[in-house]
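# Fold and geometry: a report
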Amino acid sequence: MLATLDAHAHLDPSRGADELSASGAVLAMSLSLDEAERALQRSDPLIAWGVGCHPRFPRAQAGFDAQRFRSLAERTAIVGEVGLDTGSRVPLETQLKTFRQVLEIAAGMPRLVSIHSYRATSMVLDELEHCPVAIPVLHGWFGNVAETKRAVELGCYFSIHSQVARQSKFHNHVPLERVLVESDHGYNDPPAAIPCRVEWVEYLVAQQYGLEVEELRRVVWNNFTRTVHETDTAHLLSKSLVKIAEGL
Ligand SMILES: [Zn+2]
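Nothing here was measured: the structure is a model prediction, and the numbers come from that model.

## Here we look at the sheet that holds strand 3 (residues 47-51)
An order of 1-2-3-4-5-6-7-8 is seen for the eight strands of this open sheet, with the pairing classed as parallel. Pairing within the sheet leaves two strands with one partner each, and these edge strands are strand 1 (5-9) and strand 8 (179-181). For this sheet the average axis-to-axis angle between neighbouring strands, irrespective of direction, equals 25°. Running at roughly 150° to strand 8, helix 9 (residues 194-209) makes contact with strand 1, strand 2 (25-28), strand 7 (157-160) and strand 8 of the sheet. Sheet strands touched by helix 10 (residues 213-231): strand 1, strand 2, strand 5 (112-116), strand 6 (135-139), strand 7 and strand 8. Its angle to strand 8, the strand with the most contacts, is close to 110°.

## Some thoughts on the coordination of the zinc ion
Coordination of the zinc ion by the protein comes from His-8 (NE2), His-10 (NE2), Glu-81 (OE) and Asp-184 (OD), over a distance range of 2.2 to 2.5 Å. If you look at the zinc ion, its four donor atoms make angles of 84 to 172° with each other, and the shape they trace is irregular.

## Examining the nonpolar core
Membership of the largest hydrophobic core comes to 78 residues, with the highest contact counts inside it found for Leu-27, Phe-69, Leu-128, Leu-138, Phe-158, Val-205 and Phe-224. Among the elements that take part in this core, helix 9 stands out by supplying seven residues, more than any other. Those residues within four positions of Phe-69 in sequence are excluded, and the remaining contacts are Leu-33, Val-51, Phe-64, Val-79, Val-102 and Ile-105.

## Some words on the pairing of strand 3
Burial runs high along strand 3: five of the five residues are buried. Here strand 3 shows no split at all, with Ile-47, Trp-49 and Val-51 on one side and Ala-48 and Gly-50 on the other all buried. Where strand 2 and strand 3 come together, three bridges link them in parallel fashion. Its bridge partner lying in strand 3, Val-26 is registered against Ile-47. By the bridge criterion, two bridges tie strand 3 to strand 4 (residues 78-83) in an arrangement that is parallel. Bridging across to strand 4, Val-51 finds its partner in Val-79.

About the thresholds
- Residues numbered from 1 in each chain as written.
- Predicted model: local features only at pLDDT ≥ 70, side-chain atom pairs only at ≥ 80, totals over all residues.
- Heavy atoms only, no water.
- Pairing = 2+ DSSP bridges.
- Helix = DSSP H or I, 4+ residues; strand = E, 2+ residues; numbered from the N terminus.
- Axes fitted to C-alpha atoms, helices over the stretch in contact; angles between N-to-C directions.
- Contact = heavy atoms within 4.5 Å.
- Donors = N, O, S within 2.8 Å, 3.2 Å for Na, K, Ca; no water.
- Tetrahedral: all angles 85-135°; square planar, octahedral: opposite > 155°, others 65-115°.
- Core = buried A, V, L, I, M, F, W, Y, C linked by side-chain atoms within 4.5 Å.
- Buried < 20%, exposed > 50% of the residue type's maximum accessible area, 1.4 Å probe, protein only.

Geometric descriptors of this kind do not, in isolation, establish any biological role.
Next up, the structure:
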């Protein structure tokens, strides 16, 4: 059976390979460049580790360095978690400076970019409009209908969390080919619980679009495969992930 694909989760890169092998396929986000550095040393068959700088973490933001980000991003298919958050203690000016540098680098180096936009939905879209990237993925999206339509027009994908799926009617505005699903699982949660959480959101999203869960899972994988082709990043993913993505 096809593995679950979680498009946005946080896994502790210091966990053992055995423990992480129970997580299903995961695009694992990092909060800081330091964390990304550690994560990228790993080779887990079904995990793609991202390079990110989270807008809520003052130390990560203060330690952001564009050159270092670029060299880490060269080694992975995934950028994240990055973005903006007006509820954060980090000054917006600092967040914007980081996010703009990230987008600029990702504009010249096609990547799937997983973007946080809490209380900053239209601000994030403004930045994407100004500096488009190959595959922007809005994670934990709480935009209104007009913003969601605008995001679709800007080429955004959506990694849908169960909380969001319960509140928003994605099927009214978001074409199925832009849909991914996520757990946003935290470090301290057991990795083995991820497939259950992904199944729950798959169930909710499948219902919205009038699909069976298995069909939705296949759609999600197909969408991911398309992002890999469009960014030409298969060589940066593990062989096992590529095998699933290409074998559909
Ligand atoms: Zn996250």
